[in-house]
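Understanding the architecture of this molecule
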Amino acid sequence: MKKLMLLFFIITAGYKLQAQEVQQVLPEKTRILFLLDGSGSMLAGWGDVNRITAAKELLTELVDSLKANTKLELALRAYGHLYRRSSQNCKDTRLEVGFARNNHAQIVSKLNMIDPKGTTPIAYSLEQAANDFPTTQGYRNIIIIITDGIESCDGDPCAVSLALQKKGIFLKPFIIGIGMGAEYKKQFKCIGEYYDAKDVNSFRFALNRAITTSLEKASASVELLDINGKPKETNVNVSFINSFTDEPAFDFVHYLDPQGRPDSVELDPVLTYDVVVNTLPPAIKRNVNLIPGQHNTIQVKCPQGGLKLNQDGASVYSHGVRAIITEKGKSSIVNIHNMNESQKYLVGTYDVEVLTTPRRMFRNVEISQSKTTSLSLPAPGILNIVNNAAGYGSIYELDENGRQQWVYDLDHDKPKISLALQPGKYKIVFRVDRAPGSKYTSIKEVEILEGRSALVKLFN
C-alpha cells in the first residue's frame, strides 16, 4: 500500500509540474541593428546642423546611454556611404560594426567616420541586414532605420521587410524619417512603424520611443464582454495575430480567476495585433497597439448563447460527407449534394463547399452543356487525441503561409478523441481546467497524412 501511495504521489506531482509549465515566453535578450542612411542627401541642412551630423550626435548619445544594459546587443550598418551618387551603386551598404557585447565605443567611432556620398538602396540593405543577426536563440531582433529618403534603386523594401518578418529574422522595423514629412508615412507603413522627425527634438523623441518599445515589456488582459458589457465570457481560445504578417504571435485559452477577473499575459509591444476571439463566428479587434512598460486592458464584445440540434436517426449520417452548392455571387443554397453521387445542374458557375473537417471550398466551378465536371478530394486521416486531464482547447489548421484557421473545439470531458481530418498541418491549443492561469496553455502541432492515423498526447 505504501508503494502504491508513493507511486500515486510521483505521478500526481509530475502531472502538476507538466500542467503548470509556462509554454510561451518572450526572449529575455534583445538585438538592435541601426541601419543608417549615408546617402548624399544627408548632407542637407537641418536647423543649425546638417542631417548626418544630427543623426551621428543623437545616435552617439543613445549608444552611450545603453552601455549598462547587459541584455542588449547593438550593431551598425550604413548604406550610400561608400560610392559617389554618380556611380548609382545599388549595392552600396556595409555592416560597419557587428553584434557583440561592449562594442559601444566601436559603434561611436564608426559613426564619426561615415561620410555621405551615394544613393538610397533600402531594399538591398534590408536583405543584407538579414545576415547580420546571429542565429543564437533567446533574442528579439530589432531594426531601426534612419533615413531622409525613399528607395532609389528600384528595389521593393515593402516586400523584403514582409518576407524577412515572416521568416522570423526580425520583428517589425522602426523607420525614422529625417525632414521628410508626415506624408511619407503611407509609403513606409508597408515596411514597419514610421516616425516623422521634422526637427532634432522630434528625432530624439522618435529614437527614444523606438528604444523604449524595443526594450520594455508589456502585459495585457483580455476582457470578453457579454451582452450587458460585463467581462463574464471565458474558456474560449484567444489568438493575438501579428497584423503585419497575418501570422499567429500568441495563443491562449481565456481564463477567469475565482473572483471573475481575467489574468494577464506578457506580450511584445513591438508588434501590432489583431485580437481574435475564436467564437463562432470569431469576434475580432484589429490593430491593437500595446503601451510598453504598462498593463493593457483589451475589451472585446463576444456575447454567446447555446444551440442544440436534434434529429432522430442522425447516426446514419455520422460518417457521411455532403457539400453545399451555391451559384457564384449568390448566398442562397441550390442543393445539398451527397459525396460520390452525380447530380445535374443548370449550366453556369458554382461555388462548392464540401463539409469535411476542415471544410474545403471549390470556387468558380463551371458546369458545361452535356458534360460532367469531376471534383476530387484526398482521403482524410485520423487524429487521435489522448488526454487524462479535463480542459478547454481547440484545433487550428495551419496553411502554407503560417496562418491559422479554427477547425474544432475539444470536448471538455472526453479523455480520448478520434477525429477524421483532411490532410494538412494542425495546431492544438489546450489549457488544463485546473491550471491557475492562461499562461499554462499548451501548444502542440501535428501533421495529418492521407489515409494515416496520428496520435497526440496532451497530458498523461
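Residues numbered from 1 in each chain as written. Predicted model: local features only at pLDDT ≥ 70, side-chain atom pairs only at ≥ 80, totals over all residues. Heavy atoms only, no water.

Describing helix α5 (residues 157-166)
Buried within α5 we find Pro 157, Val 160, Ser 161, Leu 164 and Gln 165. Projected down its long axis, α5 shows its buried positions confined to an angular sector of 125°, all on one face. Packing partners of the buried residues in α5 comprise α4 (122-129). A positive phi of about 80° marks Gly 168, the residue just after α5. (Buried < 20%, exposed > 50% of the residue type's maximum accessible area, 1.4 Å probe, protein only. Helix = DSSP H or I, 4+ residues; strand = E, 2+ residues; numbered from the N terminus. Arc of directions from axis to C-beta. Contact = heavy atoms within 4.5 Å.)

Brief notes about helix α3 (residues 104-113)
Every buried residue belonging to α3 is among His 104, Ile 107, Val 108 and Leu 111, and all of these are buried. On an axial view of α3, the arc spanned by its buried residues comes to 100°, and they lie on one face. Looking at α3, the residues exposed on the side facing more than 90 degrees away from the buried face are Ala 105 and Met 113. For α3, the elements touching its buried residues are β1 (29-37), α2 (51-65), β4 (72-79) and β5 (93-100).

Here's the deal with the sheet that holds strand β23 (residues 416-421)
Strand order in the open sheet formed by three strands is β23-β20-β26, and the pairing between neighbours is mixed. What marks the edges here is a single partner per strand, and that holds for β23 and β26 (453-457). Neighbour to neighbour, the strand axes of the sheet diverge by 20° on average, direction disregarded. The pairing of strand β20 (residues 381-386) with β26 spans five bridges and is classified as parallel. Note on β26: the bridge partner recorded for Ile 385 is Val 456. (Pairing = 2+ DSSP bridges. Axes fitted to C-alpha atoms, helices over the stretch in contact; angles between N-to-C directions.)

Overview of the nonpolar core
Counting residues in each nonpolar core, the largest one holds 58 residues, and the members touching the most others are Phe 34, Leu 36, Ile 144, Phe 203 and Phe 240. When residues no more than four places from it in sequence are discounted, the contact partners of Phe 34 are Leu 59, Leu 62, Val 63, Leu 74, Ala 75, Leu 76, Arg 77, Ile 144 and Ile 211. (Core = buried A, V, L, I, M, F, W, Y, C linked by side-chain atoms within 4.5 Å.)

Details of the pattern of salt bridges
As enumerated under the stated definition, the model contains 22 salt bridges in all. Salt-bridge contacts for Asp 132 lead to Arg 77; the nearest nitrogen and oxygen are separated by 2.7 Å. On the criterion of sequence distance, the pair formed by Asp 132 in the loop between α4 and β6 (139-147) and Arg 77 in strand β4 is long-range, its members being 55 residues apart. Judged by relative accessible area, Asp 132 falls into the buried class, the value being 9%. Residue classification places Arg 77 among the buried residues on the basis of a relative accessible area of 5%. One salt-bridge network, in which partners are shared between bridges, spans Glu 28, Lys 71, Lys 217 and Glu 266. (Salt bridge = Lys/Arg side-chain N within 4 Å of Asp/Glu carboxyl O.)

Focus on the sheet that holds strand β19 (residues 360-367)
Across the sheet, which stays open at both edges, the four strands sit in the order β17-β16-β18-β19 with antiparallel pairing between neighbours. Where the open sheet ends on each side, the last strands, each with one partner, are β17 (333-338) and β19. Taken over all neighbouring pairs, the strand axes of this sheet differ in orientation by 25° on average, direction set aside. Strand direction decides the pairing type here: strand β16 (residues 322-327) and strand β18 (residues 348-354), joined by five bridges, are antiparallel. Note on β18: the bridge partner recorded for Thr 326 is Asp 351.

With respect to the environment of Lys 439
Along the chain, Lys 439 falls in the loop between β24 (424-432) and β25 (442-448). In this structure, the C-alpha to C-alpha distance between Lys 439 and Val 253, residues 186 residues apart in sequence, is 8.6 Å.

Points about the packing of α4 against α5
Look at α4 against α5: their axes get within 8 Å of each other, and the N-to-C directions meet at 15°. As the angle between them shows, α4 and α5 are arranged roughly parallel. At the point where α4 passes α5, the crossing takes the left-handed sense. Contacts between α4 and α5 pair Ile 122, Ala 123, Leu 126 and Glu 127 from the former with Pro 157, Val 160, Ser 161 and Leu 164 from the latter. (Parallel < 35°, antiparallel > 145°, perpendicular 65-115°, else oblique. Left-handed = near helix turned anticlockwise from the far one by under 90°.)

Points about the confidence of the model for the protein
Averaged over every residue, the pLDDT of the protein is 89; the share at 70 or more is 93%. Throughout residues 1-11 the model reports pLDDT below 50, and contacts reaching past four residues in sequence, or to other chains, amount to zero contacts. Scored below 50 in pLDDT, residues 13-19 makes ten contacts in the model with residues more than four places away or belonging to other chains. (pLDDT = per-residue confidence, 0-100.)

Looking at the side chain of Thr 279
Relative to the assigned elements, Thr 279 resides in the loop between β13 (272-277) and β14 (283-289). Within polar-contact distance, the side chain of Thr 279 engages the backbone oxygen of Pro 281 at 2.7 Å. Contacts of Thr 279, omitting those with residues within four sequence positions, involve Val 236, Cys 302 and Gln 304. (Polar contact = N/O pair within 3.5 Å; in protein donor to acceptor, adjacent residues only side chain to side chain.)

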